[in-house]
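# Breakdown of the fold
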Amino acid sequence: MVAFTKLKKLLHWEGTQKPDVDLSGLLYEQLKPFRLPFILLFLGLLLSTLGYIVITDYTLIEAFFQSSYTFTTTGFGALKESEFDALSIIYTAIVMLAGSAVLSFCVIGVIDTLNRGKLISVIKERSMIYKIARLKNHFIICHHNEYTIQLSKQFREAHIPFVVVDSHQSLEDIALKYRYPFFINEDPLEEIAMLKSHLSSARGVIALSNNIADNIAQIVSVRLYEKELGRKPYFIIANANNSEEEEKLKKLGADCVVSPSKLFAQRVNAMATRPDMENLLERFAYQKDTPLDLEEIVVPRYSWLVLKKLKESHLREITQTSIVGITQKDGKFISMPNGDTLVTSECKLLVIGTSHGIRLTKQLVSKKDKPEELKYV
């Protein structure tokens, strides 16, 4: 059995990922009003069929057919009604009246249930949760606001999966307007929101509340959930209004904290002091589908490049890209590394080049064995 499980993982035969929360009970509660109408409809057909077998010379199939179109009042005269005696006619009239009453009750019950709107919303939510359960390494964006709108655009362009969680009553309409592919209409601080957004398989959480208290509570909740799962740390990004809040959020466990006012000041300063450089970044680094790109590439522990000198990699000759910086695992940054610089495990290479060249660099760096391409350099 253990060997079979390992084989399934090796061949990626694992079943469809199930969500962390099951809405089947809630769906069953919404479907309860349909039980009585269906039972009455079934009993009506059954009793009317038996009645026709008793008072007429119909076979079972003929009796069922007669009771079906009589009870549902959809027709009359397909069989031997012209030969009915008084008892059969009276019985048929009773069946038609009973059928009309049962069908009217069923229609009223169905319309009433649908008008409440809960059944449709539960079905939609259940479908959304199952879609989210298929995501892996996605980001959970907590709270909808202007930052969320802009961030979602960038994530869609970069093909980064994300789920927006907010308690706004009109979140479904908001998601349609701003093209949020996945969303959960819950308070981000509630445990149910974590379960529905499939936090267990997420890469990280982005807390974008304008209230620092909400962001603090979000960070603490995620870190506690992380310990309960016993998994590797989530990557948490939070929003801060000033430098004081920024320091607090970092101390409480945020990996990165973004201060809009600080970013605005830095951008304006760059525009004022180095307009040419800012225009260059605007043209190449901040836009997609450009001839030049800039990206950080993580060197895995198993990579063939670990403990090799940069000049031994021949990445520039093969991919036409340049490594302009290396961030070591301890956070130390090496700018403009020379050919004798050693590439260490889990360091980050800051690579500049074309999009195609950067993709090729990623492929080469992620290989365990020395690439075949190096034989021809």
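Residues numbered from 1 in each chain as written. Predicted model: local features only at pLDDT ≥ 70, side-chain atom pairs only at ≥ 80, totals over all residues. Heavy atoms only, no water.

## Side note on the side chain of Ser-48
Put simply, the test is: Going along the chain from the N terminus, every DSSP run of H or I of four or more residues is numbered as a helix, and every run of E of two or more is numbered as a strand. Under the scheme applied here, a residue whose accessible area is under 20% of the maximum for its type counts as buried, over 50% as exposed, and between as partly exposed, the area being computed with a 1.4 Å probe on protein chains only. For the purposes of these results, a polar contact is taken to be a pair of N or O atoms within 3.5 Å, where, inside protein, one atom must be able to donate a hydrogen and its partner to accept one; residues adjacent in sequence count only when each atom of the pair is a side-chain atom. By definition, residues are in contact when any of their heavy atoms lie within 4.5 Å.
For Ser-48, the location among the structural elements is in helix α3 (residues 35-55). Residue class for Ser-48 comes out buried when judged on its relative accessible area of 3%. Of note is the side chain of Ser-48, whose polar atom sits 2.8 Å from the backbone oxygen of Gly-44. Excluding anything up to four places from it in sequence, Ser-48 contacts Ser-67, Tyr-91 and Val-95.

## Here's the deal with the packing of aromatic side chains
Definition in use: Only Phe, Tyr and Trp rings take part, Trp by its six-membered ring, and two of them pair if their centres are within 6.5 Å. Stacked means planes under 30 degrees apart, edge-to-face means over 60, and tilted covers everything else. We call a charge positioned over a ring when the NZ of a Lys or the CZ of an Arg lies within 6 Å of the ring centre and within 35 degrees of the ring normal.
What the rule picks out here adds up to 6 aromatic pairs. With centroids separated by 4.9 Å and ring planes inclined at 75°, the aromatic side chains of Phe-65 and Tyr-69 adopt a geometry described as edge-to-face. Within this pair, Phe-65 and its partner Tyr-69 are both found in helix α4 (residues 60-71), separated by 4 residues, close to a single helical turn. Given a relative accessible area of 8%, Tyr-69 falls into the buried group. Taken together through their ring pairs, the aromatic side chains of Tyr-52, Tyr-58 and Tyr-91 make up a single cluster. Sitting over the face of the ring of Tyr-234, Arg-231 holds its NZ or CZ atom 3.8 Å from the ring centroid. Cation over ring: Lys-368 sits above Tyr-302, and NZ or CZ is 5.8 Å from the ring centre.

## Some details on unusual backbone geometry
Leaving glycine out, the prevailing phi sign among residues is negative, and the prevailing peptide bond configuration is trans. Phi is positive for Arg-179, which is not a glycine, with a value near 60°. On the secondary structure map, Arg-179 appears in the loop between α8 (171-178) and β3 (183-185). If you check the backbone angles, Glu-346 has positive phi at about 60° while not being a glycine. Structurally, Glu-346 can be placed in the loop between β11 (342-343) and β12 (348-353).

## Overview of the UniProt feature "transmembrane region" (unreviewed entry) in the protein chain
Quick note on the threshold: UniProt positions are given in the numbering used here, feature names are shortened, and annotations may be inferred rather than shown by experiment.
Under the UniProt annotation, the feature "transmembrane region" (unreviewed entry) is placed at residues 36-55 and 89-111. With 100% helix and 0% strand, residues 89-111 has its two end C-alpha atoms placed 33 Å apart.

## Some details on the environment of Tyr-69
In sequence terms Tyr-69 and Met-96 are 27 residues apart; their C-alpha atoms lie 9.0 Å from each other. Within the structure, Tyr-69 has its side chain in polar contact with the side chain of Gln-66 (distance 3.1 Å).

## Some thoughts on the sheet that holds strand β1 (residues 139-142)
Strand pairing in a sheet relies on backbone hydrogen bonds, with the paired strands running either antiparallel or parallel. Which entries qualify depends on this criterion: DSSP-based pairing: two strands are paired if at least 2 bridges between them are found. For helices, the fitted axis covers only the stretch in contact; all axes are lines through C-alpha atoms, and the angles between them, taken along N-to-C directions, range from 0 to 180 degrees.
A sheet is described by the order of its strands in space; here 6 strands give the open sequence β3-β2-β1-β4-β5-β6, paired in parallel fashion. With partners counted over all chains shown, the strands left at the sheet margins are β3 and β6 (256-258), one partner each. With direction set aside, neighbouring strand axes in the sheet form an average angle of 15°. The pairing of β1 with strand β4 (residues 204-207) spans 4 bridges and is parallel. Residue pairing in the sheet places Ile-140 in a bridge with Val-205 of β4.

## A closer look at a nonpolar patch on the surface
For clarity, the cut-off: Residues forming no salt bridge and having over 30% relative accessible area are the ones grouped into patches, like charges within 9 Å of each other and nonpolar side chains (Val, Leu, Ile, Met, Phe, Trp, Tyr) within 5 Å. For the accessible areas, the method is Shrake-Rupley and the probe is 1.4 Å, while residue cover comes only from the protein chains on display. For this document, the term salt bridge refers to a Lys or Arg side-chain nitrogen within 4 Å of an Asp or Glu carboxyl oxygen.
On the surface, Ile-39, Phe-42, Leu-43, Leu-46, Leu-47, Leu-50, Ile-53 and Leu-60 cluster together into a nonpolar patch covering about 760 Å² of accessible area. Per-element tally for the nonpolar patch: the top contributor is α3, with 7 residues. Its relative accessible area of 54% is what places Leu-47 among the exposed residues.

## Describing the side chain of His-198
Mapped onto the fold, His-198 is located in the loop between α9 (191-196) and β4. Each residue touching His-198, except ones within four places of it in the same chain, is listed here: Gln-17, Lys-18, Pro-19, Asp-20, Ile-132, Ala-133, Leu-135 and His-138.

## Here we look at the sheet that holds strand β9 (residues 322-327)
With respect to topology, 4 strands assemble into an open sheet ordered β7-β12-β9-β10, the strand pairing being antiparallel. In this open sheet, the two strands that pair with only one neighbour each are β7 (293-298) and β10 (333-335). When the angles between neighbouring strand axes are averaged without regard to direction, this sheet yields 25°. Pairing between β9 and β10: 3 bridges, direction antiparallel. The residue bridging Thr-327 from the neighbouring strand is Phe-333, located in β10.

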